[in-house]
Amino acid sequence: MNDVPRGRLKVYLGAAPGVGKTYRMLDEARRRASRGADVVVGFVECHGRPLTEAMTGGLEAVARLRCGYRGGEFEEMDAAAVLARRPEVAIVDEFAHTNIPGDGRRPKRWQDVEVLLAAGIDVITAVNIQHLESLKDVVEKITGVPQHETVPDDVVRKAEQIEFVDIPPEGLRRRMAHGNIYAPEKIDAALANYFRPGNLTALRQLALLWLADRVDEALQSYRAEHAIGGVWETRERVVVALTGGPEGDTLVRRAARIADRSAGGDLLAVHVARSDGLAAGVSHASLARQRRLVEDLGGSYHSVVGDDVATALVDFARAENATQLVLGTSRRGRLERFLTGPGTGETVTALSGDIDVHRVTHERAGRGTLLPSRRRTLSTGRLIAGPVAGLVLPVLLTVVLAQVRGTVNLTSEALLFLLAVVGVACIGGVASAVIASVTASLLLNYWFIPPIGRFTLDDPNALLALGVFAVVAATVAAVVDRSLRLSRRAARATAEAETMSSLAGSIVRGGQTIPALLERTRETFGMDSAELVDEPPDGADVTAVPAGPGNHLVLRGRTPSSSERRVLAAFAAHVGSAVERARLAQAAAEIEPVRAADRMRTALLRAVGHDLRTPLAAGWAAVTSLRSREVEFSPEDRDELLATAEESMARLSRLVDNLLDLSRVEAGALTLNLRATALEEVLPAALADTPTAEVHGELENLPPLLADPSLLERVIANLVGNAARYSPPGRRVLVTASALAGRAELRIIDRGPGLPANGRDRLFEPFQRLGDTDNKTGLGLGLALARGLTEAMDGTLTPEDTPGGGLTMVVSLPLADRAGPLRAPQRVGDATAGPVGAG
């Protein structure tokens, strides 16, 4: 396990070429070096600019790697040499650069930088905004110039420090006109095309907006760490409340226009999934359409849970540091607003504090709801208003009917009182309806049943009528109350199902990770934090829900209601499932090496069945023939049999040695004796068994390699033998060597059939013989063992196509004078990390 702390990355970000990123980067390098830091230049591209070239003076630079490609020669950063040098700080220009392919190089320079950072080296680099992957198409639309070299946004965002190098467009154009950026013959074309003022202004704005997003992430993290709940109006963040009603499209577009008034404004749509307020009886089709509209406009959609809609909306807006809140005016008519009191809009306005509230009119305003009433639970106000209405409403009805006495008969009067009782039941439930029923019965008896003006309780018919009225009123009230309760349950179940549907949809669309699910849970329930722990902590503000075996979903903040706990349990089940999937994926990853080993054992048994038996059989036959007393052999025959036995035993010995060495490499039990090794001392023995091999070039001038001589001999012998096996008759295997940038490269070149189209991935798998037409060429361990031994010596083995046909195997090893002090014999572990194979 590598305990070296990861290096720190600093990025100089520019809006266009020539703003001064490289100059600023080198200026910082000189300042750090003057303070005693160990700074080296890994790669800097000065583009022929004298002022920039002057800044490199006095800085140590690692020699560049020269690479041939398609008939040309190019220079690349030698990442291996930088690693071997191990400075405190490395200067690496052109962060998004694409490396020249070949020789085992990584595809992109930012990947080389990742390796340096992992080794504990701080890196300072530079990149232009047009090279960010997310802005590639936008920059092409603005400038008309396609961008082929990009770096993932996330790689740049993870930098510990990003410094924006800014210059006004006119200043940059003047710098261009003075010849400080491009050569004179390119200035006019650049100024008329890419460096037009409009292009530079747009690129500058893109860079500022992208950088603002990263600053905003840091700000959000700071606010969370310091429990800052107030709104900081650092940028416009507009929240629009959606009910699922037909006015939602209008609200979203209006909120988007408000967000667009400020550069970099954010649009967030929120839906409260509860049985009261904005969440009642929503149209799922409308919500789905509005969600797509929000996403098309560049916003994000959120679903939260809350007992009170207004409070949930304000809490969400504060948690997101929103500056403005947009919601529609009430769809209720004046009479309904008068009877039910202030609505969500008025309450949100009262609770909003320093958040601006926009109440947008729409075509449904004041025309009543298209959906069932949003008042689904008995609030404190309704619990008080119900009994009061049970006493007052029958009295008011009595006063009205007394004024029209004689025009309405007793039956109609009784029905009107019954209607009043039903109305009270709708307001306050059964208890209020019983109060209204008793009040109405007494008033009906006193004022409308003869003799009028006194209670008539001795008349059996009056008593029967009064009793029937009371029973009917109570029954109707009970039915109404039960209907309302069932409606509340159905609405609550719908809201819970909608919340879970939203969660499931997010998981299906994005394959959310466990941290994303925890953040989704925190946001949905309006909590301060959400985490997954083994043992739930104690605390008044802590809510813990089991999330699978040995795991608990812990939320800190307000105490959820019983109905919210049901939904929370479902969220916890999703989180538990995600944890279980992650555990299974990890288990599968751990099992894969075992499966690979099992496949290798199977392949070994298949190969051993023939390849070991063949030399054994030949040697056994030769020895038994020599021991036979029934046949007299001539001296020539005896010598031939002895030679056959010797050849068979030698072949068998090589096969067994290869098997043992491969097993040692894979088990991490290989002992290395690394020292300065000259190629001329190992090549003769390595090529002794391959008469068709031929060395090209002078090896005397090649510096010594840092290698284990015996293992290097095995590597070369295996590679040369493999090349000879595939070379056509009469064609020699060529061996060349060269040194560059602190490493030596040994090339074994054949003119055979080369690799099949799908063979490169399987080339280094053990017990593979790609393209063989017989079973007489060994176990297929040569390339597997060669790569394992090479990597154990801190080298690489890579295949290349030979120009004109064939395969070239390239062995790259460090030079002894660039590898630091020589190491004592050591054991290496997992020397064959990654796929290994054979030929």
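Residues numbered from 1 in each chain as written. Predicted model: local features only at pLDDT ≥ 70, side-chain atom pairs only at ≥ 80, totals over all residues. Heavy atoms only, no water.

### Details of the overall build of the protein chain
Counting its regular elements, the protein chain contains 24 helices and 25 strands. By the burial criterion, 44% of the 839 residues in the protein chain qualify as buried. Once local pairs closer than 6 in sequence are excluded, the contacts in the protein chain between residues at least 24 apart make up 73%. Split by element, the accessible area of the protein chain, about 41600 Å² in all, is 56% carbon and sulfur. (Helix = DSSP H or I, 4+ residues; strand = E, 2+ residues; numbered from the N terminus. Buried < 20%, exposed > 50% of the residue type's maximum accessible area, 1.4 Å probe, protein only. Contact = heavy atoms within 4.5 Å. Areas by Shrake-Rupley, 256 points an atom, 1.4 Å probe, with all protein chains shown as cover.)

### Some words on the nonpolar core
Core analysis: the largest hydrophobic core is formed by 64 residues, its most contacted members being Ile91, Phe95, Ile129 and Val151. The element best represented in this core is helix α9 (residues 197–225), accounting for six residues. Of all hydrophobic cores here, the second largest spans 39 residues; its members include Leu674, Met809, Val811 and Leu815. (Core = buried A, V, L, I, M, F, W, Y, C linked by side-chain atoms within 4.5 Å.)

### Some words on helix α23 (residues 709–726)
If you check α23, its first and last C-alpha atoms are 26 Å apart, about what 18 residues at 1.5 Å a residue would give, namely 26 Å. All of the buried residues in α23 are Pro709, Leu711, Leu712, Val715, Ile716, Asn718, Leu719, Val720, Asn722, Ala723 and Tyr726. (Expected span 1.5 Å × (residues − 1).)

### Re the sheet that holds strand β3 (residues 60–61)
Read from one edge to the other, the open sheet built from six strands follows the order β3-β2-β6-β7-β1-β8, with strand pairing classed as parallel. Every interior strand has two partners, whereas the edge strands, β3 and β8 (161–165), have only one. Relative to strand β6 (residues 89–92), strand β2 (residues 39–43) is paired through four bridges, and the arrangement is parallel. What sits directly across from Val40, in β6, is Ala90. (Pairing = 2+ DSSP bridges.)

### With respect to the confidence of the model for the protein chain
Taken residue by residue, the protein chain gives an average pLDDT of 77. The fraction at 70 or more is 76%. In this model residues 366–377 is a low-confidence stretch, pLDDT under 50, and it forms 37 contacts with partners more than four residues away in sequence or in other chains. Across residues 819–839, where pLDDT falls below 50, the model places 71 contacts with residues more than four positions away in sequence or in other chains. (pLDDT = per-residue confidence, 0-100.)

### Side note on the packing of aromatic side chains
Evaluation of the coordinates by the stated rule reveals three aromatic pairs. In this arrangement the basic side chain of Arg64 is found over the ring face of Phe43, its NZ or CZ atom lying 4.1 Å from the centre. (Phe/Tyr/Trp six-rings, centres within 6.5 Å; stacked < 30°, edge-to-face > 60°. Lys NZ or Arg CZ within 6 Å of the ring centre and 35° of its normal.)

### Some details on a nonpolar patch on the surface
Residues Ile384, Val388, Leu391, Val392, Leu393, Leu396 and Ile435 make up a contiguous nonpolar surface patch of about 580 Å² in total accessible area. Residue classification places Leu396 among the partly exposed residues on the basis of a relative accessible area of 48%. (Patch = residues over 30% accessible without salt bridge, like charges linked within 9 Å, V, L, I, M, F, W, Y side chains within 5 Å. Salt bridge = Lys/Arg side-chain N within 4 Å of Asp/Glu carboxyl O.)

### Observations concerning the environment of Val542
Position of Val542 relative to the elements: it lies in strand β15 (residues 542–546). Judged by relative accessible area, which is 16%, Val542 ranks as buried. For the pair Val542 and Arg558, spaced 16 residues apart in sequence, the C-alpha separation works out to 8.1 Å. Discounting chain neighbours no more than four positions away, the residues touching Val542 are Pro537, Val554, Leu555 and Arg556.

### Points about the packing of helix α12 (residues 309–319) against helix α14 (residues 344–351)
Interhelical geometry of α12 versus α14 gives an angle of 40° and a closest axis separation of 8 Å. By the angle between their directions, the pair α12 and α14 is classed as oblique. Along this stretch, α12 crosses α14, giving a crossing that reads as right-handed. For the pair α12 and α14, contact is made by Val309, Ala310, Thr311, Leu313, Val314 and Arg318 and by Thr344, Thr347, Val348 and Leu351, respectively. When the residues that make up the contact of α12 with α14 are grouped by side-chain class, the tally is six nonpolar, three polar and one charged. (Axes fitted to C-alpha atoms, helices over the stretch in contact; angles between N-to-C directions. Parallel < 35°, antiparallel > 145°, perpendicular 65-115°, else oblique. Left-handed = near helix turned anticlockwise from the far one by under 90°. Nonpolar A, V, L, I, M, F, W, Y, C, P; charged D, E, K, R; others polar.)

### Re the sheet that holds strand β10 (residues 266–272)
With respect to topology, five strands assemble into an open sheet ordered β11-β10-β9-β12-β13, the strand pairing being parallel. Of all strands in the sheet, those with a lone pairing partner are β11 (300–304) and β13 (356–360), marking the two edges. The mean inter-strand angle of the sheet, taken between neighbouring strand axes irrespective of direction, is 25°. Looking at chain direction, strand β9 (residues 237–241) and β10 are connected through five bridges and run parallel. By the bridge assignment, Val238 is partnered in β10 with Leu267. Here α12 sits on the sheet and contacts β9, β10 and β11; the angle it forms with β10, its principal contact strand, is near 150°.

### Things to note about the pattern of salt bridges
Throughout the structure, instances matching the rule amount to 27 salt bridges. The closest approach of N and O atoms between Arg583 and Glu580, which form a salt bridge, is 2.4 Å. On the criterion of helical spacing, the pair formed by Arg583 and Glu580 is a turn pair, its members being three residues apart in helix α19 (residues 562–611). Owing to a relative accessible area of 43%, Arg583 belongs among the partly exposed residues under this scheme. The residue Arg675 makes a salt bridge to Glu681 at a minimum N-O spacing of 3.3 Å. By relative accessible area, Arg675 is classed as partly exposed at 33%. What makes Glu681 partly exposed here is its relative accessible area of 41%. Salt bridges here are not isolated pairs; linked through shared partners, they connect Lys10, Arg24, Glu28, Arg32 and Glu163.

### Some words on the side chain of Glu745
Looking at where Glu745 falls in the secondary structure, it is placed in strand β22 (residues 743–749). Within the structure, Glu745 has its side chain in polar contact with the side chain of Arg747 (distance 3.2 Å). Other than its neighbours up to four places away in sequence, Glu745 contacts Asp103, Thr736, Ala737, Ser738, Val810, Val811 and Ser812. (Polar contact = N/O pair within 3.5 Å; in protein donor to acceptor, adjacent residues only side chain to side chain.)

### Things to note about a negative patch on the surface
Residues Glu636, Asp637, Asp639 and Glu640 make up a contiguous surface patch of negative charge. Within the element layout of this structure, Glu636 appears in helix α21 (residues 635–667). On the accessibility criterion, Glu636 (56% relative accessible area) is exposed. (Lys, Arg positive; Asp, Glu negative; His and termini not counted. Charge placed at Lys NZ, Arg CZ, Asp CG, Glu CD.)

### Focus: the packing of helix α7 (residues 169–177) against helix α8 (residues 184–192)
Running from N to C, α7 and α8 point in directions that differ by 160°, and their axes come no closer than 9 Å. Between α7 and α8, the crossing angle belongs to the class labelled roughly antiparallel. Crossing of α7 against α8: the hand is left-handed. Side by side, α7 and α8 meet where Arg173, Met176 and Ala177 of the first sit next to Ile187, Ala190 and Leu191 of the second. In the contact of α7 with α8, the residues fall into five nonpolar, no polar and one charged.

### Notes on the environment of Val430
Mapped onto the elements of the fold, Val430 is located in helix α16 (residues 410–447). With relative accessibility at 32%, the residue Val430 sits in the partly exposed group. For the pair Val430 and Ala474, spaced 44 residues apart in sequence, the C-alpha separation works out to 7.4 Å.

### Quick notes on the side chain of Arg109
Structurally, Arg109 is set in helix α4 (residues 109–118). By relative accessible area, Arg109 is classed as buried at 0%. Excluding anything up to four places from it in sequence, Arg109 contacts Phe43, Glu76, Met77, Val92, Asp93, Glu94, Phe95, His97 and Asn99.

### Some details on helix α10 (residues 248–260)
When the terminal C-alpha atoms of α10 are compared, their 18 Å separation across 13 residues agrees well with the 18 Å that a helix rising 1.5 Å per residue should span. Of the positions making up α10, those classed as buried are Gly248, Asp249, Leu251, Val252, Ala255, Ala256, Ile258 and Ala259. In this structure, the buried side of α10 is in contact with β9, β10, α11 (284–296), β12 (324–328) and β13.

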